[in-house]
Amino acid sequence: MKAKSTLKRKSSPTTGWLQSPFIRALAALLFVLALGALFNAEGAFFKWNTHRDMFRHISVFAILACGMTLVIITAGIDLSVGSILGFTAVLFSIFCIHQGWSPWIAAPVCILAGAACGAASGGLVARFKIQPFIATLAMMVFARGLAKWVSGGQKISTAVLQPDGNYRYVEVPPIFNSLNSKILNQNVAVVTLIFLACIFICWIILAKLRWGRYIYAVGGNEEAARLSGIPVTAIKLFAYGLSGLFSAVAGICQAAQELQGDPEAGMTYELTAIAIVVIGGTNLMGGRGGIGLTFIGAMTIGYLEKILSINAVGEASRLMLTGAIIIGAVLFQKARK
Amino acid sequence: MKKRIICAIGLFLALDIFYGCGKRQEVPSTKDESEEKVQLKWVIGMSQCNLGEPWRIQMNHDVKQAAEKYPEIKVIFKDAQNNSLKQRAQIEEFISAEVDLIIVSPKEAAPLTQPVAASYERGIPVIVLDRRVMGDKYTCFIGADNKKIGQAAGRWIVERLNDKGKVVELKGLMTSTPGQDRHTGFREGIKGSGLEIVFEADMKWLEPDARREMESALARFDEIDLVYAHNDPGAHGAYLAARAAGREKDIIFVGIDALPHEGQIYVKQGLMAASFEYPTGGKEAIQIALDILNRKKVPKEITLASRVFTKENIDRGGEWLEEEKSTLKS
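Keep in mind the model is a prediction, meaning the values are calculated, not measured. (Residues numbered from 1 in each chain as written. Chains lettered and ligands numbered in written order. Predicted model: local features only at pLDDT ≥ 70, side-chain atom pairs only at ≥ 80, totals over all residues.)

Caption draft 1: Examining the overall build of chain B more closely. Within chain B one finds eleven helices and 13 strands. Of all 330 residues assigned to chain B, the portion counted as buried reaches 46%. (Helix = DSSP H or I, 4+ residues; strand = E, 2+ residues; numbered from the N terminus. Buried ≥ 20, exposed ≤ 12 C-beta atoms within 10 Å, placed from the backbone.)

See the structure below:
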């Protein structure tokens, strides 16, 4: 089964342009954009601010999706990204707001903590052969517990509870404000630039580095990869570790945008991240896909949410429409030949 | 084979983390019971439906703080982790442990009515906090009225805007009763006024969602006078969206809950114009508990009064909403 799909992949570049997953992903995005142009909410859809805000809002999810793409290409899944986001958001807020650390120390510590969580579930998957779903489910629960433990269950905000029961107010750390701001003449949110940087890093890894090719090989046929001398265990650790790392980056962005660290942050974000990867066209069976697809997937999901939001569609119809459109897009991509 | 065993261990651990945490937390609280019993007269069992929401953490905090003042009582806290059956089991545990009184903040009415009644019939008084159980087999219900708070917010907003203006309503989860009551109450409060609701959306109590919905409202309408959010994080998210658009000075933000570390602080910092308190009743529960244990007569039902916090009155501790002040506070 897997050998067959490898063969198919090899022959695909020679077929017509419609077979390219990239074109198919773009078509889904265009379909959503057309919906937006049709239901433009009295012209709100044509304002630049709407698009800028869409990119700001989807950035955190898309950063999670970057790591998720790497893991899914190894034929795995990472359910822990949302919890690691919550954990690192709390951690970053404690360091920067309560302890007054420099962000140059706090950010790397948080990113390392996230990467360590990711590597831990990667270790369970690669070394102990626990199914990715179970290993990362455990990490999802564990990291959420960590977030609640380090925060004491409360949001970490600029009001610091003193032992006498009163609150001491601290300034919002400058790093929060700069991450939450917009640059280039107020046209691009800083978190969007971070998202683009993450996309670029993933592209370098997947398209330019040998380890990126190994990631595809492991996902395509693990046994064949092992026999041809690819360090499968290390590659899996690498992918899950990076997923944790990107989750931490997203956590820092989330904290900066909320001006606080919420231990409940990132609940169900893993599902949105998976949806972004899948709607882009990366295959859940592994071995196929790419970061460019995830970029388009992020825009598709982002615009979908934005269009429903500017039209003030009710929650019930919103959920049904989102489900229907995701299925529609995926079916469309499946319809090869 | 080895693989299977490891999988099984992993699954067991995952399940253990899911279901085990609550139990483990309870161990220390029962350990030192015997030593303290000398001066201790009464043990109170408190079952909280979940500790995932800041408001419920605040409730436990209020109960704890109030109870610390009385050395004759001791409160054992249990967290039902949003599971009705677990909460039911906790009440049964309290009954068999023969505590002197039970405080329960139920997750749902139906599954908890029977165990609460069982306790009541065995002579262990039960105080029901915030959400109701069915029937009348409990000792005392303490709770606030979301509809009245919504109405008060509506009237306050009409007055603040001088009877005209464009309002955005950011709703809490509309499948939950607090969301529905805060919505209908508000609509009753503004009925007949010149206010216009230009945009309403469900932000599901979540700050990031409120920010996204507010961005949409800002994109659509160049003129927005006020945002009414069903909770304070929602109002804060809306504020952040308005600030990003450079419009936060033109818009008034109003929210509900007024937790000390959330809404009250936003009001103090001037981000929000007003926050309406949704009281936890934690302090009142301990007072009522002491009355019951001292064999005093207590009312069957206590509706908690709510305060409004504004920039002007926050240093004085807010202002009680007119009408009914609860029996305890007068």
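Caption draft 2: Up close: the overall build of chain A. Scanning chain A from N- to C-terminus turns up 14 helices and four strands. Rg of the C-alpha trace for chain A: 20 Å, near the compact-globule value of 20 Å for 337 residues, within the 12% margin. Oriented by its inertia axes, the alpha-carbon framework of chain A measures out at about 70 × 55 × 35 Å. When each of the 337 residues of chain A is scored for burial, the buried share is 56%. At a minimum sequence separation of 6, the contacts of chain A that also span at least 24 residues come to 78%. (Rg over C-alpha atoms; globule rule 2.2 N^0.38 Å. Contact = placed C-beta atoms within 7 Å.)

Caption draft 3: Structural context of the domain arrangement of chain B. Residues and elements named next belong to chain B. Examined at the domain level, chain B breaks down into domain 1 (36-144 + 280-298) and domain 2 (146-277). Taking only C-alpha atoms, the centre of domain 1 and the centre of domain 2 are 33 Å apart. Between domain 1 and domain 2, the residue contacts involve four residues of the former and five residues of the latter. Of the residues that constitute the side of domain 1 that touches domain 2, the class distribution is three nonpolar, one polar and no charged. (Domains from an automatic or database assignment. Nonpolar A, V, L, I, M, F, W, Y, C, P; charged D, E, K, R; others polar.)

Caption draft 4: Just the confidence of the model for chain A, in detail. For chain A, per-residue confidence averages 87 on the pLDDT scale, and residues scoring 70 or more make up 93% of the total. For the stretch residues 1-14 of chain A, pLDDT sits under 50, and the model shows eight contacts to residues farther than four places along the chain or on other chains. (pLDDT = per-residue confidence, 0-100.)

Caption draft 5: Seen up close, the pairing of strand 9 (residues 252-257) of chain B. Residue and element names in this part refer to chain B. Taking burial as the measure, the six residues of strand 9 include five buried ones, the bulk of the element. When strand 8 (residues 226-229) meets strand 9, the two strands line up parallel, connected through three bridges. Considered in strand 9, the bridge of Val227 is made with Phe253. Handedness of the β-α-β unit built from strand 8, helix 9 (residues 232-244) and strand 9 comes out right-handed. In this sheet, strand 10 (residues 274-277) lies alongside strand 9 in parallel orientation, the contact comprising four bridges. When the sheet's bridge partners are listed, Ile256 is paired in strand 10 with Phe276. Following the chain from strand 9 across helix 10 (residues 263-268) to the adjacent parallel strand 10, one finds a crossover that is right-handed. (Pairing = 2+ DSSP bridges. Right-handed = clockwise from strand over helix to strand, strands pointing away.)

Caption draft 6: Looking closely at the interface of chain A and chain B. Residue-level contacts link 35 residues of chain A with 31 residues of chain B. Secondary-structure elements contributing two or more residues to the side of chain A that touches chain B are helix 3 (48-73), helix 6 (132-151), strand 1 (159-161) and helix 13 (291-310) of chain A. Per element, the largest residue contribution to the side of chain A that touches chain B is seven residues, and it comes from helix 6 of chain A. Partitioning the side of chain A that touches chain B into residue classes produces 16 nonpolar, ten polar and nine charged.

Caption draft 7: Seen up close, the nonpolar core. With 201 residues, the main nonpolar core has A:Ile63, A:Leu64, A:Val249, B:Val227 and B:Ala238 as its most contacted residues. The residues that make up this core include at least three from each of domain 1 (36-144 + 280-298) and domain 2 (146-277) of chain B. Other than its neighbours up to four places away in sequence, A:Leu64 contacts A:Val81, A:Leu85, A:Phe246, A:Ser247, A:Ala250, A:Tyr269 and A:Ala273. (Core = buried A, V, L, I, M, F, W, Y, C linked by C-beta atoms within 7 Å.)

Caption draft 8: Summary view of the sheet that holds strand 1 (residues 42-48) of chain B. All names here are of chain B. Pairing is parallel in the open sheet, where six strands are placed in the order 2-1-3-4-5-11. Strands with a single pairing partner mark the edges of an open sheet, and in this sheet they are strand 2 (73-79) and strand 11 (301-303). Between one strand axis and the next, the sheet turns through 15° on average, direction left out of account. In this sheet, strand 2 lies alongside strand 1 in parallel orientation, the contact comprising seven bridges. Opposite Val43, over in strand 2, you have Lys74 as the bridge partner. Sheet contacts for helix 3 (residues 54-68): strand 1, strand 2 and strand 3 (101-105); angle to strand 2, the most-contacted strand, approximately 165°. Helix 4 (residues 84-96) contacts strand 1, strand 2 and strand 3 of the sheet and is inclined by roughly 175° relative to strand 1. (Axes fitted to C-alpha atoms, helices over the stretch in contact; angles between N-to-C directions.)

Caption draft 9: Broad picture of the sheet that holds strand 12 (residues 307-310) of chain B. All names here are of chain B. The strand order across the open sheet built from seven strands is 7-6-8-9-10-12-13, with neighbouring strands paired in mixed fashion. Each edge of the sheet is formed by a strand with only one pairing partner; in this case those strands are strand 7 (194-202) and strand 13 (319-320). Pairing of strand 12 with strand 13, which is carried by two bridges, proceeds in the antiparallel orientation. Among the inter-strand pairings, Val308 is bridged to a residue of strand 13, identified as Glu319. Lying over the sheet, helix 6 (residues 146-160) contacts strand 7, strand 8, strand 9, strand 10 and strand 12, oriented at roughly 165° with respect to strand 9.

Caption draft 10: Broad picture of the pairing of strand 2 of chain B. Most of strand 2 of chain B is tucked away: five of the seven residues are buried. Where the polypeptide runs from strand 1 of chain B across helix 3 of chain B and back to strand 2 of chain B, its parallel neighbour, the crossover connection is right-handed.

Caption draft 11: Looking closely at the packing of helix 8 (residues 207-220) of chain B against helix 9 of chain B. Residue and element names in this part refer to chain B. Relative orientation of the contacting elements helix 8 and helix 9 amounts to 45°, with a least axis distance of 7 Å. Taken together, the axes of helix 8 and helix 9 lie oblique to each other. As for how helix 8 packs across helix 9, the hand of that crossing is right-handed. The segment helix 8 lies against helix 9, with Glu207, Pro208, Ala210, Arg211, Met214, Glu215 and Leu218 engaging Pro233, Gly234, His236, Gly237, Ala238, Leu240, Ala241 and Ala242. Residue composition of the contact of helix 8 with helix 9, grouped by class: nine nonpolar, three polar and three charged. (Parallel < 35°, antiparallel > 145°, perpendicular 65-115°, else oblique. Left-handed = near helix turned anticlockwise from the far one by under 90°.)

Caption draft 12: Expanded view of the environment of A:Tyr303. By the secondary structure assignment, A:Tyr303 is in helix 13. Sequence-wise, A:Tyr303 and A:Phe45 are 258 residues apart; in three dimensions their C-alpha atoms are separated by 9.8 Å.

Caption draft 13: Seen up close, helix 5 (residues 109-121) of chain B. Residues and elements named next belong to chain B. The end-to-end C-alpha distance of helix 5 is 18 Å, a good match for the 18 Å that 13 residues give at a rise of 1.5 Å each. For helix 5, the full list of buried residues reads Leu112, Pro115, Val116 and Ser119. Looking straight down helix 5, one finds its buried side chains confined to an arc of 105°; they lie on one side. Counted as exposed and oriented over 90 degrees from the buried face of helix 5: Ala110 and Glu121. (Expected span 1.5 Å × (residues − 1). Arc of directions from axis to C-beta.)

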